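# Residue-level structure breakdown
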Amino acid sequence: MPLTPYLHILRIPRMATSTLVAVLARLPMTATGVTLTLHVVGTLGHGYGAAGLVGTATTAGTALAAPLLGRMIDRYGLRPVVAVCGTTSATFWISAPHLPYAVLLVAALPAGALLIPAGPIARQVIAALVPAGQRRTAYSLDSVLVELTFMTGPALGILVTTQVSSTAALTAIGVLFGTCGCALYAVNPPVRTPDEAGRSRAAVRPPLTSWLGRHLVATLLVATGALFVLVGAELAALAALRESGEVGAAGVVIAVMCLASLVGGIVHGVARRSASQLTLMVTLAALTIPAALATQPWWLLALVLVPSNLVCAPTLAATTERVSQLAPPAVRGEAMGVQDSATRIGLALGSPVVGFVMDHTSPGMGFVAAGAGGLAFAAAGAALSRRGTADRTAPQPA
């Protein structure tokens, strides 16, 4: 597969540096969940439920604050937001191993709210630096790099925790957050093109109802459904491996899923034509359901999950491309923040819903629940989008 289009993207002025900083900023973020869980369970001596509460508080804080942080970037620029979030993130994660559980739980919500918004920032920078005709390739590259960080970050967190201590791992996460915040502040990648920046200074900020319409809400519903499917399928895979006594192969199965998504993202970025976000999402959900028929042995489960994961990164890239098309430049940061919230809602819904289904049926039915839930979100998004199109094309009374 020729990689020339990706090289063209990285040769755009400031793009390579901005991409590198974005990857480094995402790396500690991917390690927080598993490291914090191991710290609460192993060092503090609490159960997995208690660890889940801390993780939920952090995720909830991030989901609630993402649109507000995006709006602050739109209004004040990148540096003030990065300075506040970088300082807060570094302070919280460096001090986290020294906090009692009750204080850790209370502090997790505001700490999650002020987490460095690396994902939305990376997507804004792509919209500002990359010409419209090359953005699908750029967003695909971004999705591929996200997969690489999710393959690396949690593994590093587990390695440092098990070989040294959870205190060292959490402290390292805090130091890395602080370093990445300083790097983002120094590089200060653009979040708007020069023309957009000039117009935004002279123009009045468009009201929320003028851009958060049915088409964008439909796009966000599909994004929520995509993450619902992904987290549900991962949870179902872990449950199936545990039931068959092959939980030791979980790392290999998840690695195969990530590699399949990575390959799909690379192909999506260089393809001359691509399917729509909705088509990719329906394909992702539909291909997840058959995994219920092959939950063991572990290698068969890994193979069955390859087709659905091949469209994982393309679905996420198409979602970001669609949001960037629908959002006006003056509110692009807020729109990217809303997208981040939508994906986190999908993550928050997928685990308990699929878990509830498996508790009352079997691990295999978890794949069915994940796929069916994704199809339901896709149907809702398609209906809303069609209704918005019908309203626009309906004849107006004289």
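Below, the structure is looked at part by part. (Residues numbered from 1 in each chain as written. Predicted model: local features only at pLDDT ≥ 70, side-chain atom pairs only at ≥ 80, totals over all residues. Heavy atoms only, no water.)

### Some thoughts on the packing of aromatic side chains
Aromatic ring pairs are reported here in terms of the distance separating the ring centres and the angle at which the planes meet. One pass over the full model with this rule turns up 2 aromatic pairs. Residues Phe92 and Trp93 carry aromatic rings whose centres are separated by 5.0 Å and whose planes lie at 85° to one another, so their mutual orientation is edge-to-face. We classify Phe92 as buried; its relative accessible area is 7%. Their ring planes at 50° and their centres at 5.9 Å tell us that Phe228 and Phe377 sit as a pair that is tilted. Remark: Phe377 occurs in helix H18 (residues 363-393) and Phe228 occurs in helix H11 (residues 214-243); sequence separation between them is 149 residues. Here Phe228 falls in the buried class, since its relative accessible area comes to 5%. Residue class for Phe377 comes out buried when judged on its relative accessible area of 19%. The ring of Tyr185 carries Arg79 above its face, with NZ or CZ at 4.8 Å from the centroid. (Phe/Tyr/Trp six-rings, centres within 6.5 Å; stacked < 30°, edge-to-face > 60°. Buried < 20%, exposed > 50% of the residue type's maximum accessible area, 1.4 Å probe, protein only. Helix = DSSP H or I, 4+ residues; strand = E, 2+ residues; numbered from the N terminus. Lys NZ or Arg CZ within 6 Å of the ring centre and 35° of its normal.)

### Some details on the pattern of salt bridges
Within the structure shown, the criterion is met by 4 salt bridges. Close ionic contact of Asp142 with Arg26 constitutes a salt bridge, the shortest N to O distance being 2.6 Å. Residue Asp142 is found in helix H7 (residues 135-163), and its partner Arg26 is found in helix H2 (residues 15-43); the two are separated by 116 residues along the sequence. Like Arg26, Asp142 is buried. The closest approach of N and O atoms between Arg123 and Asp340, which form a salt bridge, is 4.0 Å. Remark: Asp340 occurs in helix H17 (residues 332-360) and Arg123 occurs in helix H6 (residues 118-129); sequence separation between them is 217 residues. In this pair, the class of Arg123 matches that of Asp340, namely buried. Salt bridges linked by common partners bring Arg123, Asp340 and Arg344 together as one network. (Salt bridge = Lys/Arg side-chain N within 4 Å of Asp/Glu carboxyl O.)

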